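Report on the structure
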Amino acid sequence: MTRAKPIGVILAGGLATRMGGGDKGLLQIGGHSLLERVRDRLAPQVASMALNANGDAARFADLGLPVVRDSIEGFAGPLAGVLAGLDWAAEQGAEAIVTAAADTPFFPQDLVARLVAASEGQDHPLVLATTPRTGEELKSGGRSRVNRHPTFGLWPVALRDDLRAALKEGLRKVVIWTDQHQGREALFEAEPFDPFFNVNRPEDLPRAEELLR
């Protein structure tokens with residue numbers, strides 16, 4: 001069965017505590033905000049797009065995207081943003097969404113195509129992006145040979161009420177929920193650098209500028 005192109009949802013609802021708070025996505029590299037770069041990278045890959053963020057939506061007006069806020073109170077993590085995106089997608093009549101983090105400007109330009117390909121045969125498309133562990137990371141990573149990137153995934157609208165119930169029961173860890181529903185993984189290369197590198201701390205900004213060049 002050929003699936004319709006998913007809707008894109010940029011996740012910007014976090015607290016950015018390692019950055020001292022505020023909106024990481026509004027930080028700039030190369031003269032453009034991280035959010036602008038994520039938007040422009042995701043737009044060609046999806047049918048339409050929304051931004052998940054909390055607080056005053058007016059601060060994102062320049063992006064030209066609808067803003068959907070978490071419906072679960074208390075900053076319940078990325079899964080709350082996924083749920084907000086799924087609820088919005090349901091209103092659009094969509095079957096699935098693909099999420100991307102607001103602070104990760106170099107994610108693959110074939111992200112959506114490869115997530116969708118990995119979901120072939122699933123009743124409900126549910127796939128997380130992964131990259132191989134290498135070097136010291138591999139030594140310290142226990143048995144897992146991959147890094148799962150839980151803010152980059154393909155999510156089915158059909159399971160949104162199940163996700164809502166899990167969040168209300170206190171679930172916060174993405175991979176616990178995806179594993180419960182036979183979620184799959186799509187493996188992306190991490191050379192010459194991990195495309196899911198994110199601007200998490202102030203010292204990551206110079207690295208992002210270097211990667212941009």
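Placed above this text is the structure.
These remarks concern the structure in this document. From a predicted model like this one, the values you see are computed outputs, not experimental measurements. (Residues numbered from 1 in each chain as written. Predicted model: local features only at pLDDT ≥ 70, side-chain atom pairs only at ≥ 80, totals over all residues. Heavy atoms only, no water.)

**Here we look at the overall build of the protein**
Across its full length, the protein carries seven helices and nine strands. Computed over its C-alpha atoms, the radius of gyration of the protein comes to 16 Å, within 12% of the 17 Å expected for a compact globule of 213 residues. Counting only C-alpha atoms, the protein reaches 45 × 40 × 35 Å along its principal axes. Residues counted as buried form 49% of the 213 residues belonging to the protein. Put simply, 71% of the contacts in the protein that link residues at least 6 apart link residues at least 24 apart. (Helix = DSSP H or I, 4+ residues; strand = E, 2+ residues; numbered from the N terminus. Rg over C-alpha atoms; globule rule 2.2 N^0.38 Å. Buried < 20%, exposed > 50% of the residue type's maximum accessible area, 1.4 Å probe, protein only. Contact = heavy atoms within 4.5 Å.)

**Comments concerning the environment of Leu27**
Tracing the chain through its elements places Leu27 in the loop between strand S1 (7-11) and strand S2 (28-29). In sequence terms Leu27 and Ala89 are 62 residues apart; their C-alpha atoms lie 27 Å from each other.

**Focus on empty space enclosed by the protein**
Applying the stated rule across the entire model yields one cavity of 30 Å³ or more. Around the largest cavity, the lining residues are Arg3, Ala4, Pro6, Glu95, Ala96, Val116, Ser119, Pro125 and Leu154. Classifying every residue of the lining of the largest cavity by side-chain character gives six nonpolar, one polar and two charged. (1 Å grid on protein atoms, 1.4 Å probe; cavity = no way out; pocket = protein on both sides within 12 Å on 5 of 7 lines; lining within 4 Å. Points joined across faces, edges and corners; volume = space filled by probe spheres on them. Nonpolar A, V, L, I, M, F, W, Y, C, P; charged D, E, K, R; others polar.)

**Description of the packing of helix H2 (residues 78-91) against helix H5 (residues 160-168)**
H5 packs onto H2 with a crossing angle of 150° between their chain directions and a minimal axis gap of 10 Å. On the basis of their axis angle, the class for H2 and H5 is roughly antiparallel. Relative to H5, H2 is oriented so that their crossing is left-handed. Counted together, Leu79, Ala80, Val82, Leu83, Leu86, Asp87 and Ala90 of H2 and Arg160, Leu163, Arg164 and Leu167 of H5 form the full contact between these two elements. For the contact of H2 with H5, the residue count by class is eight nonpolar, no polar and three charged. (Axes fitted to C-alpha atoms, helices over the stretch in contact; angles between N-to-C directions. Parallel < 35°, antiparallel > 145°, perpendicular 65-115°, else oblique. Left-handed = near helix turned anticlockwise from the far one by under 90°.)

**Focus on the side chain of Asn52**
Within the fold, Asn52 resides in strand S4 (residues 49-52). Among the polar contacts made by the side chain of Asn52, one reaches the main-chain carbonyl oxygen of Val68 at a distance of 3.1 Å. (Polar contact = N/O pair within 3.5 Å; in protein donor to acceptor, adjacent residues only side chain to side chain.)

**Observations concerning the packing of aromatic side chains**
For the coordinates displayed, the defined rule picks out five aromatic pairs. When the centroid spacing of 5.9 Å and the interplanar angle of 85° are considered together, the rings of Phe106 and Phe193 count as edge-to-face. Separated by 87 residues along the polypeptide, Phe106 in the loop between strand S6 (96-101) and helix H3 (111-118) and Phe193 in the loop between strand S9 (184-187) and helix H7 (204-212) bring together distant segments of the chain. Relative accessible area serves as the criterion here: at 24%, Phe193 is assigned to the partly exposed category. With a centroid separation of 5.6 Å and an interplanar angle of 80°, the aromatic rings of Phe188 and Phe196 are classed as edge-to-face. Relative accessible area serves as the criterion here: at 1%, Phe188 is assigned to the buried category. Connected via pairs of aromatic rings, a cluster forms that spans Phe107, Phe152, Phe188 and Phe196. (Phe/Tyr/Trp six-rings, centres within 6.5 Å; stacked < 30°, edge-to-face > 60°.)

**Some thoughts on the sheet that holds strand S5 (residues 67-68)**
The sheet built from seven strands is open, its strands ordered S5-S4-S1-S6-S8-S7-S9 with mixed pairing. With one partner strand each, in any of the chains shown, S5 and S9 form the two edges of the open sheet. Two strands pair when backbone bridges link them, and strand S7 (residues 127-132) and strand S8 (residues 146-156) are joined in this way by six bridges, in the antiparallel orientation. Its bridge partner being in S8, Val127 is matched across the sheet by Leu154. Running over the sheet, H2 touches S1, S4, S5, S6 and S8 and is turned about 150° from S1. Running at roughly 140° to S9, H3 makes contact with S6, S7, S8 and S9 of the sheet. (Pairing = 2+ DSSP bridges.)

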